[in-house]
Amino acid sequence: MYHSWLDRWDERRARRGEEGKETTDFVLDAQRAFPDAKEIASLEEFCGLADQAVADPAFFDEPSGSDQGFQRQDGWLKFPSGISTEIEENNVVWAKITESGSFDQVMVVFHHWNATARNRQIAKYFSRRGITVVEIAMPYHFERRRPGSLHADYMLSANLGRTIQSVRQAVWDGRKLIRWLKSEGYREISVLGMSLGSWVAGVIAAHDPAVSKASLFLTAGSLADMVWTGRATRLIRNSLEPEIELTDLRRAWGPLNMENYVHRLARPDLDLHVVLAKRDKVVLPELSERFMQRLKDAGARPNILQLNCGHYSLAMPPYILLAGLSLKRFLSCADKSPRGI
C-alpha cells in the first residue's frame, strides 16, 4: 500500500511539472548543434553530422579553452560561457561555492531539468565533511533563465539542434569550471549529476581526465530513449512523434548518448557511483539497466545503489538519506566494488 501511495505521489509531482508547458515545433536547427556545418535541410544529413560528432573525440572540447573572465565574490562565481546564444542571460555561468576549508576535494553539482533552487542541504552536509561543493547553473536555469519563461524549455525540447547545443554548452561550462578549480589548487575533483544533470556530469567525466569520481543519480545512457519513454518528457515526445521515429532520434542525439562513451567512463582512474530508482517513470529502469550493463561490458565497475522509490520520491526520506550516505561513502574512499543491479 505504501508503494502505491508513493507511485501516486510521483504522478502528482509529474503533473505539476507539466503545468504551463505546451508542445512545441519539431525543428532540426543543425547549425546550433554543428556550427561549422553548411545548410542542412534533411534529417538524414543531420544524423550524418551527429554520427561524425560521436566519432570526434574533441566534440566536447571547447576550442578556445579560455579561462579568462572569472569573478568570485561572496560565495558566488561567474564567468562567460564558451558558447554564445541569443539569450544574453544564458551566456554568463553562475555557480554557488560552499567552502569546506580544505583543498583536498571539491564536488561540482549538476542539477536536474527545470530545477528552481540549488540544494543547500547537500552543500552544507558535504562542506562540513571536508568537501567543497560548487553548484553550477546549467543552461537556461536559475540566473541563466530565459526572460519570461517558467521552464528551461530551451535546454531540452523538440528542437534537435538546440538540445545538442545546450548539453554541449553545459559540458563546456562544467569543464571550464573544473580547469579553474584545478588552477585554484583543488586536488581531487568529483562530479555529481541528477537526472538530466547526470548526462552532463557523465559526459564531462568521460571526456575530462581531471575528474576522478562521478556520481550519477537517476541516469541512463540514451537521452533519446529517456525523452521518448519518460513521464516528464511526454509533451516533447508529442512534438517529436509526428515528425521522427525513435531510431532516427537515437542517431540525431547520438552525441548525447553516454552509451557511446562507456569505454571512456571505464578508464581505470575514474570511480563511478550510480543511484537508481526501481519505480522510476521518468528514467525507466530498463534504460538504466542497459546502460549499467554496457558499462560493465566495457570493464567499468560502478558502485550501484537501487532504491524502491520513484524519480521524484527519491528526494523523500528515507530514500534521500540512503542515497546521501551512499554518496558519502563513495567520496570518502576509492572502493570500486560493484553492487548488483
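As the structure is a computational prediction, the values presented were derived from the model and not from experiment.

> What exactly am I supposed to notice about the nonpolar core here?
Here is a general trend for soluble globular proteins: nonpolar side chains tend to be buried in one another's company. Counting residues in hydrophobic clusters, the biggest one holds 93 residues, and the most contacted among them are F34, F46 and W253. Considering each element in turn, this core owes the most residues, 9 residues, to helix α5 (residues 160-183). When neighbours within four sequence positions are excluded, W253 is seen to be in contact with L156, S157, L160, T163, I164, L223, A224 and V227. The next biggest cluster of nonpolar side chains, apart from the first, holds 24 residues, and it includes M107, I122, F330 and L331.

> Help me understand the packing of aromatic side chains, please; the structure alone is not making it clear to me.
The geometry of an aromatic ring pair is captured by the separation of the ring centres together with the interplanar angle, meaning the angle of the planes. Inspection of every chain in the model, using the stated rule, returns 10 aromatic pairs. Note on F34 and F46: the rings are 5.3 Å apart at their centroids and 70 degrees apart in plane angle, and the pair reads as edge-to-face. Placement of the pair is F34 in the loop between α2 (30-33) and α3 (43-55) and F46 in helix α3, with a sequence separation of 12 residues. No difference in accessibility class separates F34 from F46, as the two residues are buried. Three or more aromatic residues joined by ring pairs make a cluster, and in this case those are F34, F46, F59, F60 and Y261. One Lys or Arg, R129, reaches over the ring of Y125 and ends 3.8 Å from the middle of that ring. Stacked on the ring of F330, the Lys or Arg K213 has its end atom at 5.7 Å from the ring centre.

> Hey, could you run me through unusual backbone geometry in this one?
Outside of glycine, negative phi angles account for most residues, and trans bonds account for most peptide bonds. Cis geometry is found at the peptide bond from P317 to P318, where omega equals 0 degrees. When you line up the elements, P318 lands in the loop between β9 (303-307) and α12 (319-332). Its identity is not glycine, yet Y140 carries a phi of approximately 65 degrees, on the positive side. Of note in the backbone geometry, L218 takes a positive phi value of approximately 55 degrees without being a glycine. Along the chain, L218 falls in the loop between β7 (211-217) and α7 (223-229).

> How do you make sense of helix α6 (residues 196-207) when you look at a structure like this?
In this model α6 runs 17 Å from its N-terminal to its C-terminal C-alpha over 12 residues, within 8% of the 16 Å that 1.5 Å per residue would give. Most of α6 is tucked away, with 12 of its 12 residues classed as buried. The set of residues buried in α6 consists of L196, G197, S198, W199, V200, A201, G202, V203, I204, A205, A206 and H207. On its buried side, α6 packs onto β4 (105-110), α5, β6 (188-194), β7, α7 and α10 (262-265).

> I keep staring at the side chain of S149 and nothing clicks. Help me out?
Relative to the helices and strands, S149 is located in the loop between β5 (131-136) and α5. With a relative accessible area of 7%, S149 lands in the buried category. Of note is the side chain of S149, whose polar atom sits 3.4 Å from the side chain of D153.

> Would you mind showing me how to read helix α4 (residues 120-127) here?
In an α-helix, one full turn covers 3.6 residues, which means residues spaced three or four apart are oriented alike. Every buried residue of α4 is accounted for by I122, A123, F126 and S127. Viewed end-on, α4 has its buried residues packed into an arc of 115 degrees, placing them on one side of the element. The exposed set on the far side of α4, more than 90 degrees from its buried face, consists of R120 and Q121. Looking at the buried positions of α4, the neighbouring elements they touch are β3 (92-98), β4, β5, β6 and α12. Measuring from the side-chain oxygen of the N-cap residue of α4 to the backbone nitrogen of Q121 gives 3.2 Å; that N-cap residue is N119.

> How should I be thinking about the sheet that holds strand β1 (residues 71-73) in this particular structure?
An order of β1-β2-β3-β5-β4-β6-β7-β8-β9 is seen for the 9 strands of this open sheet, with the pairing classed as mixed. Among the strands making up the open sheet, the edge pair consists of β1 and β9. Strand after strand, the sheet turns through a mean of 20 degrees between neighbouring axes, direction not considered. Sitting on the sheet, α6 touches β4, β6 and β7, and the angle it makes with β6 is about 150 degrees.

About the thresholds
Residues numbered from 1 in each chain as written. Predicted model: local features only at pLDDT ≥ 70, side-chain atom pairs only at ≥ 80, totals over all residues. Heavy atoms only, no water. Core = buried A, V, L, I, M, F, W, Y, C linked by side-chain atoms within 4.5 Å. Buried < 20%, exposed > 50% of the residue type's maximum accessible area, 1.4 Å probe, protein only. Helix = DSSP H or I, 4+ residues; strand = E, 2+ residues; numbered from the N terminus. Contact = heavy atoms within 4.5 Å. Phe/Tyr/Trp six-rings, centres within 6.5 Å; stacked < 30°, edge-to-face > 60°. Lys NZ or Arg CZ within 6 Å of the ring centre and 35° of its normal. Expected span 1.5 Å × (residues − 1). Polar contact = N/O pair within 3.5 Å; in protein donor to acceptor, adjacent residues only side chain to side chain. Arc of directions from axis to C-beta. Pairing = 2+ DSSP bridges. Axes fitted to C-alpha atoms, helices over the stretch in contact; angles between N-to-C directions.

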